[in-house]
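Fold and contact review
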Amino acid sequence: MRLRHLAVAAGLLGLLCVPAHAEDRDISRDTLPANDGWASEGAGTTGGAAADEEHVFTVTDRAGLVRALDGGSDTPKIIRIAGTIDANTDDDGDRLDCSDYATGGYGLKKYLAAYDPRTWGSAKPSGPQEEARQASAARQAERIVLPVGSNTTIVGLGDSAVLKGASLQVRNAGNVIIRNLDVRDAYDCFPVWQPNTGGLGDWKAAYDTIWLTGATHVWVDHVTASDRGHPDAKEPTYFARNYLRHDGLLDITNGSDLVTVSWSRFADHDKAMLIGNGDTATGDRGKLRVTLHHNAFESVVQRAPRVRFGQVHVYNNRYEVTGDDYRYSLGVSTESRIFAENNAFHAPGHVEVADLVKSWNGSALHQSGSLFNGYPVDLLAIHNAYNSGSERDLTADVGWTPALHGPIDSAAAADRAVARGAGAGRIP
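Here the residue index of a chain counts from 1 through its sequence in written order. Side-chain atom pairs in this predicted model are given and counted only at pLDDT of 80 or more, local residue features only at pLDDT of at least 70, and totals for whole chains, interfaces and linings cover all residues. Computation of side-chain values covers all heavy atoms of the structure but excludes hydrogens and water.

Let us now look at the sheet that holds strand β9 (residues 182-184). With respect to topology, 10 strands assemble into an open sheet ordered β3-β6-β9-β14-β19-β22-β25-β28-β31-β32, the strand pairing being mixed. Here the strands that pair on one side only, and so sit at the sheet edges, are β3 (84-86) and β32 (375-377). Strand-to-strand, the axes of this sheet are offset by a mean angle of 20°, without reference to chain direction. In this description, strands pair whenever DSSP reports at least two bridges between them. We count a stretch as a helix when DSSP gives it H or I for four or more residues in a row; a strand needs E for two or more, and each element gets its number in order from the N terminus. Pairing of strand β31 (residues 370-372) with β32, which is carried by three bridges, proceeds in the antiparallel orientation. Comment: axis = line fitted to C-alpha atoms, over the contacting stretch for helices; angle = value between 0 and 180 degrees taken between N-to-C directions.

What follows deals with the packing of aromatic side chains. For any pair of aromatic rings, geometry is given as the distance between the ring centres together with the angle between the planes. Two rings belonging to Phe, Tyr or Trp (six-membered ring only in the last case) form a pair when the distance between their centres is within 6.5 Å. Interplanar angles under 30 degrees mark stacking, angles over 60 mark edge-to-face geometry, and anything in between is tilted. Throughout the structure, instances matching the rule amount to 16 aromatic pairs. When the ring of Tyr106 is compared with that of Phe190, the centres are 5.2 Å apart and the planes differ by 85°; the resulting orientation is edge-to-face. Here Phe190 lies in the loop between β9 and β10 (192-194) and Tyr106 lies in the loop between α3 (98-101) and α4 (108-114), a separation of 84 residues in the sequence. Residue classification places Tyr106 among the buried positions, given a relative accessible area of 13%. Buried means the residue's accessible area, taken with a 1.4 Å probe over protein chains only, is under 20% of the maximum for its type, while exposed means over 50%, and partly exposed covers the values in between.

Moving on, we get to the UniProt feature "domain: Pectate lyase" (unreviewed entry) in the protein. UniProt positions are given in the numbering used here, feature names are shortened, and annotations may be inferred rather than shown by experiment. Taking the UniProt record as the reference, the feature "domain: Pectate lyase" (unreviewed entry) is found at residues 103-351. Helix makes up 11% of residues 103-351 and strand 40%, with an end-to-end C-alpha separation of 45 Å.

Right, let's talk about helix α7 (residues 379-387) for a bit. Turning to α7, its buried residues are Leu379, Leu380, His383, Asn384 and Asn387. The buried residues of α7 occupy an angular sector of 125° when projected down its axis, which confines them to one face. Of the exposed residues in α7, those oriented more than 90 degrees away from the buried face are Ala385 and Tyr386. When checking whether two residues touch, look at their non-hydrogen atoms; a contact exists if any pair is within 4.5 Å. The secondary structure elements touched by the buried residues of α7 are β26 (330-332), β28 (344-346), β29 (357-359), β30 (365-368), β31 and β32. In the analysis that follows, any N or O atom pair within 3.5 Å is treated as a polar contact, provided that within protein one partner can donate a hydrogen and the other can accept it, and provided that, for residues neighboring in sequence, both atoms belong to side chains. The backbone nitrogen of Leu380 has a side-chain oxygen 3.1 Å away, supplied by the residue at the start of α7, namely Asp378. The arc in question is formed by the directions pointing from the helix axis toward the C-beta atoms.

Looking now at the nonpolar core. One recurring pattern in soluble globular proteins is that nonpolar side chains are buried together. Residues enter a nonpolar core if they are buried and are Ala, Val, Leu, Ile, Met, Phe, Trp, Tyr or Cys, with the set joined through side-chain atoms within 4.5 Å. Membership of the largest hydrophobic core comes to 85 residues, with the highest contact counts inside it found for Leu65, Leu168 and Leu212. Core analysis: the next-biggest nonpolar cluster, separate from the first, contains six residues, Trp38, Leu258, Ala364 and Trp400 among them.

For the rest of this paragraph, the subject is the pairing of strand β19 (residues 265-271). The sheet contact formed by strand β14 (residues 224-226) and β19 spans three bridges and is parallel. Residue pairing in the sheet places Ala225 in a bridge with Phe266 of β19. Here β19 runs beside strand β22 (residues 296-302); their pairing, made up of five bridges, is parallel. Bridging across to β22, Phe266 finds its partner in Phe297.

Our focus in this paragraph is the sheet that holds strand β24 (residues 311-315). As summarised here, the arrangement of the 10 strands in space is β1-β2-β5-β8-β13-β18-β21-β24-β27-β30, forming an open sheet in which the pairing is parallel. Either end of the sheet is taken by a strand with one partner, and the two such strands are β1 (56-59) and β30. When strand polarity is set aside, the average angle formed by the axes of neighbouring strands in this sheet is 10°. Here strand β13 (residues 216-221) runs beside strand β18 (residues 257-262); their pairing, made up of five bridges, is parallel. From the neighbouring strand, Asp221 faces β18, where its bridge partner is Ser262.

To continue, consider the side chain of His269. Structurally, His269 can be placed in strand β19. Excluding residues within four positions of it along the chain, His269 makes contact with Asp227, His246, Asp247, Gly248, Leu249, Ser299, Val300 and Val301.

Glancing now at the side chain of Asn175. Mapped onto the secondary structure, Asn175 falls in strand β8 (residues 174-179). Take Asn175: its relative accessible area is 14%, and that puts it in the buried class. In this structure the side chain of Asn175 is engaged in a polar contact, spanning 2.7 Å, whose partner is the backbone nitrogen of Thr46. Not counting chain neighbours up to four residues away, the residues in contact with Asn175 comprise Gly44, Thr45, Thr46, Gly47, Ser150, Asn151, Thr152, Thr216 and His217.

Following this line, the structure appears as structure tokens:
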């Protein structure tokens with residue numbers, strides 16, 4: 001009898017001594033390590049690490065998340081997301097769909113009939129149906145646009161925290177951390193028709209999954225961002241153009257600065273990441289300093305990233321190209337200064353090395369250590385040779401050399417590490 005009691009006691013002691021799993025570690029007060037990209041410059045990025053216990057929240061629904069965000073206040077706060085939160089819900093937590101937001105007599109069939117280019121022409125849409133679309137869009141925006149204020153940390157708990165249907169917006173705020181969260185499907189119920197875009201017209205969606213606008217000192221880490229649930233590829237075609245429901249996965253615009261994006265996964269999307277929003281936005285000069293490292297870009301058509309003006313360090317990332325609609329990965333635009341090193345690209349047979357880089361008014365690109373399907377390639381030399389008849393050659397001198405970064409692995413080593421470790425639920 002005594003032996004049995006000792007055995008039970010020994011078993012209990014063994015349970016008590018089992019070390020905690022990595023996912024049980026409290027990461028909510030973590031701060032960006034020193035020298036980890038542009039967001040570590042100066043005072044670094046600490047998010048809500050200084051929050052008192054009254055401003056540490058665990059939220060499980062939209063209403064709780066909205067209360068915790070406090071209208072985008074600057075009060076230091078930590079917000080832990082548990083389970084799945086759907087932004088398209090009412091105050092009682094009931095699901096809302098596009099018909100619940102429609103108002104003013106808006107109807108897609110009516111909208112298409114009103115602005116058919118064959119009868120409407122190329123003028124910007126106006127009149128009752130466009131006014132009804134705007135009013136309907138405003139109702140959806142009230143639910144899904146979530147402002148993130150300064151001194152805020154948002155983290156997912158465990159390995160399955162999801163925020164869907166929302167647009168997290170860091171607008172004119174600083175010192176923000178977003179980690180360990182699956183953000184998906186910022187679905188626009190009411191895209192606008194823009195007749196003069198791209199010569200043939202195009203549909204424009206309103207919401208980025210995460211949007212940094214006028215934001216400074218932001219760390220995005222171990223985030224998964226995608227269109228999961230409503231891929232644009234399955235949307236219909238209207239006016240001979242795909243009816244897009246999503247904008248960017250992570251856009252960094254309007255003078256945003258000092259941003260590090262690490263160990264994140266961007267997947268199954270068209271335009272993944274825009275850094276700098278316009279060729280004429282000369283106020284962005286000296287800003288848009290961004291580091292992208294150890295991220296996975298999977299089944300992304302374009303903008304991984306596309307850069308204007310900014311000094312952007314792109315290293316140790318993994319690119320997996322799929323599909324027939326692929327356009328490019330690195331977009332070199334007006335006054336951009338991309339320093340790309342030790343990145344790995346995987347692509348099917350119809351995609352060539354020359355397709356990986358696209359230039360619009362760009363002048364320079366530093367690249368080194370690139371792999372394409374396992375083979376070393378010189379992206380700059382191949383781009384210039386292939387595009388010499390249609391675009392001006394890019395030079396290798398971007399005018400700066402990154403200093404804020406951790407160890408830079410070979411492209412092959414980074415490729416393996418990112419495949420294993422990038423995305424939500426994978427923090428060591």
